[in-house]
Amino acid sequence: MESKIKGFMDLVKQRNQYEPEFLQAVEEVAETVIPYIANQEIYSGKNILLRMVEPERVMMFRVPWVDDSGEIIVNRGYRIQMNSAIGPYKGGLRFHPTVNLSILKFLAFEQVFKNALTTLPMGGGKGGSDFDPKGKSDDEIMRFCHAFMSELSRHIGHNTDVPAGDIGVGGREIGFLFGMYKKLRNEFTGVLTGKGMSWGGSLIRPEATGYGTVYFAQNMLETKGDTLKGKTVAVSGSGNVAQYACEKATQLGAKVVTLSDSSGYIFDADGIDVDKLAYVMEIKNERRDRISEYVKKYPKAKFFRGERPWSVKCDVAMPCATQNEINGDEAQSLLSNGCFVVSEGANMPSTPDAAHAFQKARILYAPGKASNAGGVATSGLEMSQNSLRINWTRDEVDEKLKKIMSDIHDSCIKFGKQDDGYIDYVTGANIAGFVKVADAMLAQGVV
Ligand code: NDP
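Since the structure is predicted, the reported quantities are computational estimates derived from the model, not experimental observations.

Caption draft 1: Expanded view of the site of the ligand. Surveying the vicinity of the ligand reveals 25 residues, the closest of which are K134, D166, T209, S262 and N347. The contact in question runs from an oxygen atom of the ligand to an N or O atom on the side chain of K134, over 2.8 Å. Taking G345, its main chain carries an N or O atom lying 3.5 Å from an oxygen atom of the ligand. For the ligand, the protein covers 82% of the area, taking 900 Å² as the surface of the free molecule. Contributing elements (two or more residues each) for the shell around the ligand: helix 7 (205-222), helix 8 (240-251) and strand 7 (255-261). The class makeup of the residues in the shell around the ligand is five nonpolar, 13 polar and seven charged.

This is how it looks when you write it as structure tokens:
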């Protein structure tokens, strides 16, 4: 089996030599799915996984725009349309200076499996730009978003490809992007999700990824007859996903002691309660400042410049910032400090060494493609509401989100439960996602 996996990866490496994040995401899937395929006659000789690692389409485009000083800036825009076997492409847009083809292909590949897990009819895609929103004025953000959409609009549509937010793309950016799409196409459709409530958005969409990550942690704990109540939680990031993971974990009786951003992390032994979280939201969403501001208002808390929060003592870790933010040593440090639940809010936040350490220690470890699927699932619910031209209540959407997270958890058990009772959520999520997409691809023939 090892030689089969190696042979497959050699081929993928040859074709994608300079794409380390993409290769990392593919290898994790190959390690779990290839042994499964070997025992399934229907997939034999169909090269399904080889077809899945090749995007259906990749767009790369120039995004020229004018900054406040009158200078012309040129960024690069991308949209990866990875797989449409089970529905229109769906996946977020990331605006961050580190964005490149490798990162977006890894995200698009993960998205295919994640979207399949939600049970909603959504294919996988991802896009974005190397544009850095930090320090830009609202007018500059608007001009960039308009320029970006002036090209992207040719490639998307409510039945073709429906982008959403990701790092650096929140409600403000979705508004500017939607405005330009509507003007260019002269149609008001659900072409983006994460929209404002008065123009087609869904309640709970902003909260959904963070809430879903916490619901998934709760589902995992329930398999041990346990709950989040009284647990100490370390969260990384302080953006959209981290904020709502912190809110929901606190509502369920846990104590969140850390948040972070690219400058470092804060540790608050007393817990980040509702009032403190409101202040974090003011710092990050309104003032767009650094998380270190927190300790000015709450001096009992500490700020650790340039560090990540994985050396603190906690029961539960929720990495909600970015990819590869927990390395092997940090995973060991979490384990030796007693952490026994890891629910990933970010995409691929654990390096392969970290993921293997969690699996070897047989803790409750959920990969992002399962535990952070609540965001895209609620985007799917936003699409349904747009098509039906109705709005569900907050409670209705939250109930559907909980049900979807619990169904994803069940799928992971179905394909990931081992003979000794240990649930390998990585294997479970990869195989469950693969089966759904692969069956649709088989039915549709070689296209
Ligand atoms: P935001 O832009 O709202 O927040 C990102 C947070 O992560 C910020 O605190 C940011 O710090 C920090 N961060 C970003 N890059 C780095 C880095 N290289 N090193 C250290 N910290 C970093 O993004 P989201 O909360 O939306 O996304 C967070 C993660 O969740 C991403 O992995 C994303 O792909 C994933 N995700 C998001 C979904 C969504 O619905 N939004 C859905 C599913 C997954 P700073 O403020 O200093 O930049």
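Caption draft 2: Broad picture of the pairing of strand 3 (residues 89-95). Judged by how many residues are buried, strand 3 sits mostly within the fold: seven of seven residues are covered. Here four bridges tie strand 3 to strand 5 (residues 161-164), and the two strands are oriented parallel to one another. What sits directly across from G92, in strand 5, is A164.

Caption draft 3: Up close: the packing of helix 14 (residues 374-388) against helix 15 (residues 394-416). Contact pair helix 14 / helix 15: the axes reach a minimum separation of 10 Å and the direction vectors enclose 130°. Regarding the angle of helix 14 to helix 15, the classification is oblique. At the point where helix 14 passes helix 15, the crossing takes the right-handed sense. When helix 14 is examined against helix 15, the residues G374, A377, T378, L381 and Q385 are found in contact with a partner set consisting of V397, K400, L401, I404 and M405.

Caption draft 4: Focus on the sheet that holds strand 1 (residues 57-66). Strand order across the open sheet formed by five strands is 1-2-4-3-5, with mixed pairing between neighbours. The sheet is open, and its two edges are formed by strand 1 and strand 5, each paired on a single side. Taking the axes of each pair of neighbouring strands and ignoring which way they run, one obtains an average angle of 20° across the sheet.

Caption draft 5: Representation of the environment of A357 within the structure. As for its placement among the helices and strands, A357 is situated in helix 12 (residues 352-360). Each C-alpha atom of the pair A357 and F148 lies 41 Å from the other, and the pair is 209 residues apart in sequence. For A357, the residues in contact, after removing those within four places along its chain, are A331, Q332 and L335.

Caption draft 6: Focus on helix 14. The terminal C-alpha atoms of helix 14 lie 21 Å apart, and with 15 residues this matches the ideal 21 Å at 1.5 Å per residue to within 8%. Among the 15 residues in helix 14, 12 count as buried, and that is most of the element. For helix 14, the set of buried residues is G374, G375, V376, A377, T378, S379, G380, L381, E382, M383, Q385 and N386. In the core, the buried residues of helix 14 are packed alongside strand 3, helix 4 (101-117), strand 5, helix 7 and helix 15. At the C-terminal side of helix 14, R389 shows a positive phi close to 55°.

Caption draft 7: Summary view of the side chain of K231. Among the structural elements, K231 can be located in the loop between helix 7 and strand 6 (232-235). The exposure class assigned to K231 is buried, which follows from its relative accessible area of 11%.

Caption draft 8: Geometry of a nonpolar patch on the surface. Residues V66, I72 and V74 make up a contiguous nonpolar surface patch of about 280 Å² in total accessible area. Tracing the backbone shows V66 in strand 1.

Caption draft 9: Region of the structure containing the pattern of salt bridges. A complete count under the given rule lists 25 salt bridges for this structure. Across the pair D166 and R94 runs a salt bridge, and its minimum N-O distance is 2.6 Å. Residue D166 is located in the loop between strand 5 and helix 6 (171-185), and its partner R94 is located in strand 3; the two are separated by 72 residues in the primary sequence. Between K403 and D407 there is a salt bridge, with its nearest N and O atoms 2.9 Å apart. Separated by four residues within a single helix, K403 and D407 lie in helix 15, roughly one turn from each other. Of the residues examined, D407 reaches a relative accessible area of 24% and is grouped as partly exposed. Through salt bridges with shared partners, a single ionic network connects E282, R287, E293 and K296.

Caption draft 10: Spotlight on the pairing of strand 8 (residues 264-267). Taken together, the four bridges between strand 7 and strand 8 define a ladder with antiparallel strand orientation. Bridging across to strand 8, L259 finds its partner in I266. Connecting strand 7 to the antiparallel partner strand 8 that follows it, the hairpin turn spans two residues. Of the strand pairs in this sheet, strand 8 and strand 9 (residues 302-305) are connected by four bridges, and their pairing is antiparallel. What sits directly across from Y265, in strand 9, is F304.

Caption draft 11: The layout of surface pockets, seen in detail. In this structure, the second largest pocket spans a volume of roughly 450 Å³. Around the second largest pocket, the lining comprises 22 residues; the ones closest to its centre are G190, M383, S384, N386 and S387. Residues belonging to the lining of the second largest pocket are distributed by class as follows: eight nonpolar, 12 polar and two charged.

Caption draft 12: Looking closely at unusual backbone geometry. A positive phi is found at I204, a non-glycine position, where the angle reads about 75°. One can find I204 in the loop between helix 6 and helix 7. With a phi angle near 55°, R362 is a residue other than glycine that sits in the positive phi range. Here R362 shows up in the loop between helix 12 and strand 12 (364-366). Relative accessible area serves as the criterion here: at 42%, R362 is assigned to the partly exposed category.

About the thresholds
The numbers attached to residues start from 1 for each chain and follow its sequence in the written order. Two thresholds apply to this predicted model, a pLDDT of at least 70 for residue-level local features and 80 or more for giving and counting side-chain atom pairs, whereas whole-chain, interface and lining totals are computed over all residues. As a convention, hydrogens and water are excluded, and side-chain values are obtained from all of the structure's heavy atoms. We call a residue near a molecule or strand as soon as one heavy atom of that residue lies within 4 Å of the molecule or strand. Counted as a polar contact is a pair of N or O atoms within 3.5 Å, where, for protein atoms, one must be capable of donating a hydrogen and the other of accepting one, and residues adjacent in sequence contribute only when both atoms are in side chains. Accessibility throughout is a Shrake-Rupley quantity obtained with a 1.4 Å probe, and a residue counts as covered only by protein chains that appear here. Each helix is a run of DSSP H or I of at least 4 residues and each strand a run of E of at least 2, with the numbering of both proceeding from the N terminus. Side-chain classes are defined by residue name, with Ala, Val, Leu, Ile, Met, Phe, Trp, Tyr, Cys and Pro counting as nonpolar, Asp, Glu, Lys and Arg as charged, and the others, Gly among them, as polar. Buried means the residue's accessible area, taken with a 1.4 Å probe over protein chains only, is under 20% of the maximum for its type, while exposed means over 50%, and partly exposed covers the values in between. For two strands to be treated as a pair, DSSP must find no fewer than two bridges joining them. What counts as an axis is a line fitted to C-alpha atoms, over the stretch in contact for a helix, and the angles between N-to-C directions run from 0 to 180 degrees. With respect to orientation, any angle under 35 degrees is reported as roughly parallel, any angle over 145 as roughly antiparallel, any angle of 65 to 115 as roughly perpendicular, and every other angle as oblique. Each crossing is labelled by how the near helix is turned from the far one, with a counterclockwise turn of less than a right angle marking it left-handed and a clockwise turn marking it right-handed. Whether two residues touch is decided by their heavy atoms; if any such pair falls within 4.5 Å, the residues are in contact. How far a helix is expected to stretch is found by multiplying one less than its residue total by 1.5 Å. Without a salt bridge and with relative accessible area above 30%, a residue can belong to a patch; like charges are then joined within 9 Å and nonpolar side chains (Val, Leu, Ile, Met, Phe, Trp, Tyr) within 5 Å. The rule for a salt bridge is simple: a side-chain nitrogen of Lys or Arg has to be within 4 Å of a carboxyl oxygen of Asp or Glu. The definitions used throughout rest on a 1 Å grid laid over the protein atoms alone, on which a cavity is an enclosed set of points accommodating a 1.4 Å probe that cannot get out and a pocket is an open set flanked by protein within 12 Å on both sides along at least five of seven lines; lining residues are those having an atom within 4 Å of a point. Grid points are joined across faces, edges and corners, and a volume is the space filled by probe spheres set on the points.

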